[in-house]
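An overview of the molecular structure
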Amino acid sequence: MSEYTRTLLPVRWPDAQGAAYDVVIIGGGGHGLSTAYHLAARHGITRVAVLEADYIASGNTGRNTTIIRANYGIPEAVRFYQHSLELYQGLESETGADILHQTKGIVWMAHTEMAMRTERARCLINSACGARTAMISPTELKELIPQIDLTGGGRYPVLGASHHVEGATARHDRVAWAYASGASQRGVDILQHTPVTGLIHDGERVVGVETPGGPIAAGVVLAAVGGRISAVAAMAGVRLPVRTHPLHAFVTNDYGPGFGSILASTELMCYVSQTERGQMLIGAEFDSQPSYSRQSSFSALRGYAYKITRFLPFLREMRILRTWAGLCDISADYSPIMGFTPVDGFLVTTGWGTWGFKAIPAGGEAMAELIATGRPPALIAPFALDRFRRDHVLADQGSAGTR
Ligand SMILES: Cc1cc2nc3c(=O)[nH]c(=O)nc-3n(C[C@H](O)[C@H](O)[C@H](O)COP(=O)(O)OP(=O)(O)OC[C@H]3O[C@@H](n4cnc5c(N)ncnc54)[C@H](O)[C@@H]3O)c2cc1C
């Protein structure tokens, strides 16, 4: 059996939805499934249902470019993402599922003195908060990635780079299935093709959800719906500082010589890695126009291809096999929003934008603790929704990598 086709653990699919659960999670993406898994595995809370409108991981979790990193620019984010990165390192042994995790290292290039200063500051703050990131010279970068054109096609010279050595990738749908299987085996109900069409209120409190199969009562409802958060929050009467923007990616045919690291330019906003199948996987900035369209666009493809071939000329000889898009929930300060809302019984995990795959283990773990104990763990307390009201925003746009 090839590396790629090793088995996944099974998921139990209930025939019918229950009438009542302690926790109903809307959205069977990585965050919903990870929260369900952690509720069951860490807190013994198993009267939990995950309701997925389509099939699990059909949203951004199954569409992303799978980069796991903690090289953020503010202490709260570095600590949170570093914890998630470490949980990813142990996820195969924790769940028994093969998620094809590979530590590759990520290089963020700088083409101007201003960007060099930003990357130096990133290295300092990363080191102070537990993430391993250090500056490397162009010569060291060339040793790491021999294919690179350090002149950036004569237009974007590489002055240096930050090297985040624990940067990694993992197979996205396998991560979702690992959590789905672990949750399901512990008694969580995962219901596919079950869209939530409304919320049930009792006075000021949310006490359940409406589905085409009938109402379901819930002690607590968590919305983990990716780019659909504005619509679902509106069902609770909550307006969030989030906009939905499409983000595209594409893969080429197989690149035989191999490409071990992940390479990115934050100034040009583009990045590339190699998949387990050998394809070159390329992404860049999200569409500036908010929209719910998952239609791939030629202009995105052309823009991404132009930028990345400045640094890796060999890509010009490759063929584009597939392109796709997802819907990203971008918050006003480019940081996630996790926790309570002003409506009792209605919680959110959102604002994951273009960067939430890496957060699936820690996000789910923390949301499960919050639901189980009623208190936000210290790691996510700064990411509460009320930070916008308190004027304590966590502005970290420069770390999104795809703004
Ligand atoms: C092209 C692309 C590249 C990316 N690259 C990276 C990357 O390299 N690294 C990284 O960390 N992040 C990346 N991301 C971001 C990452 O994919 C997301 O932040 C993350 O997957 C969000 O997970 P989620 O569980 O919140 O949402 P999703 O995976 O989108 O899951 C939400 C689920 O909710 C369901 N749903 C919606 N409405 C309802 C409803 N009313 N009832 C029931 N179910 C509903 C949807 O069908 C969906 O399955 C990328 C995103 C895209 C699009």
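This text goes with the structure placed above it.
Thresholds applied
- Residues numbered from 1 in each chain as written.
- Predicted model: local features only at pLDDT ≥ 70, side-chain atom pairs only at ≥ 80, totals over all residues.
- Heavy atoms only, no water.
- Near = heavy atom within 4 Å.
- Polar contact = N/O pair within 3.5 Å; in protein donor to acceptor, adjacent residues only side chain to side chain.
- Areas by Shrake-Rupley, 256 points an atom, 1.4 Å probe, with all protein chains shown as cover.
- Helix = DSSP H or I, 4+ residues; strand = E, 2+ residues; numbered from the N terminus.
- Pairing = 2+ DSSP bridges.
- Axes fitted to C-alpha atoms, helices over the stretch in contact; angles between N-to-C directions.
- 1 Å grid on protein atoms, 1.4 Å probe; cavity = no way out; pocket = protein on both sides within 12 Å on 5 of 7 lines; lining within 4 Å.
- Points joined across faces, edges and corners; volume = space filled by probe spheres on them.
- Nonpolar A, V, L, I, M, F, W, Y, C, P; charged D, E, K, R; others polar.
- Core = buried A, V, L, I, M, F, W, Y, C linked by side-chain atoms within 4.5 Å.
- Buried < 20%, exposed > 50% of the residue type's maximum accessible area, 1.4 Å probe, protein only.
- Contact = heavy atoms within 4.5 Å.
- Salt bridge = Lys/Arg side-chain N within 4 Å of Asp/Glu carboxyl O.

What follows concerns the site of the ligand. Near the ligand there are 39 residues, and of these E52, N60, T61, T65 and K358 occur at the shortest range. I67 places a main-chain nitrogen or oxygen 2.9 Å from an oxygen atom of the ligand. For the ligand, an oxygen atom lies 3.3 Å from a polar atom in the backbone of G353. Protein chains bury 94% of the 1000 Å² of accessible surface belonging to the ligand in isolation. Secondary structure elements with two or more residues in the shell around the ligand: α1 (30–43), β13 (242–254) and β17 (320–331). Looking at which element gives the most residues to the shell around the ligand, the answer is β13, with three residues.

It is worth spelling out the sheet that holds strand β4 (residues 102–103) at this point. Ordered in space as β3-β8-β4, the three strands form an open sheet in which the pairing is antiparallel. At either end of the open sheet lies a strand with only one pairing partner, and these are β3 (67–68) and β4. Note: β3 against strand β8 (residues 168–169), two bridges, orientation antiparallel. The partner of I68 across the bridge, within β8, is A168.

What follows deals with the sheet that holds strand β6 (residues 133–136). Spatially, eight strands are ordered β6-β7-β5-β14-β15-β16-β13-β17 in an open sheet, and the strand pairing comes out mixed. Strand pairing shows two members of the sheet lacking a second neighbour, β6 and β17, which therefore form its edges. Averaged over all pairs of adjacent strands, the angle between strand axes in this sheet comes to 20 degrees, irrespective of strand direction. Examined bridge by bridge, strand β15 (residues 270–274) and strand β16 (residues 279–284) share five bridges and lie antiparallel to one another. Counterpart to S273 in the pairing with β16 is L281.

By volume, the second largest pocket is sized at about 310 Å³. What lines the second largest pocket is a set of 20 residues, among which G62, R171, H172, R277 and R322 lie closest to the centre. Sorting the residues of the lining of the second largest pocket by element identifies α6 (172–185), β16 and β17 as the ones contributing at least two each. In terms of residue count, the dominant contributor to the lining of the second largest pocket is α6 (three residues). Counted by class, the lining of the second largest pocket contains eight nonpolar, six polar and six charged residues.

Our next topic: the nonpolar core. Formed by 92 residues in total, the largest nonpolar core has its most connected members in L263, F311 and L312. When near neighbours in sequence (up to four residues on either side) are disregarded, L263 contacts V107, M109, L141, I145, I148, C270, Y271, V272, F311 and L312. By size, the runner-up hydrophobic cluster in this structure holds 27 residues, among which are V24, L199, V206 and L385.

Bringing the pairing of β13 into the picture now. β13 sits mainly inside the fold: 10 of its 13 residues count as buried. Pairing of β13 with β16 involves four bridges; the strand directions are antiparallel. Of the residues in β16, the one forming a bridge with V251 is L281.

The next point concerns the pattern of salt bridges. Within the structure shown, the criterion is met by 10 salt bridges. R42 serves as the salt-bridge partner of E365, at 2.7 Å between the closest nitrogen and oxygen. Highlighted residues: E365 in helix α9 (residues 360–373) and R42 in helix α1, separated in sequence by 323 residues. Looking at R42, the relative accessible area reads 39%, which means it is partly exposed. E276 serves as the salt-bridge partner of R171, at 3.8 Å between the closest nitrogen and oxygen. Within this pair, whereas R171 is found in the loop between β8 and α6, its partner E276 is found in the loop between β15 and β16, the two being separated by 105 residues in sequence.

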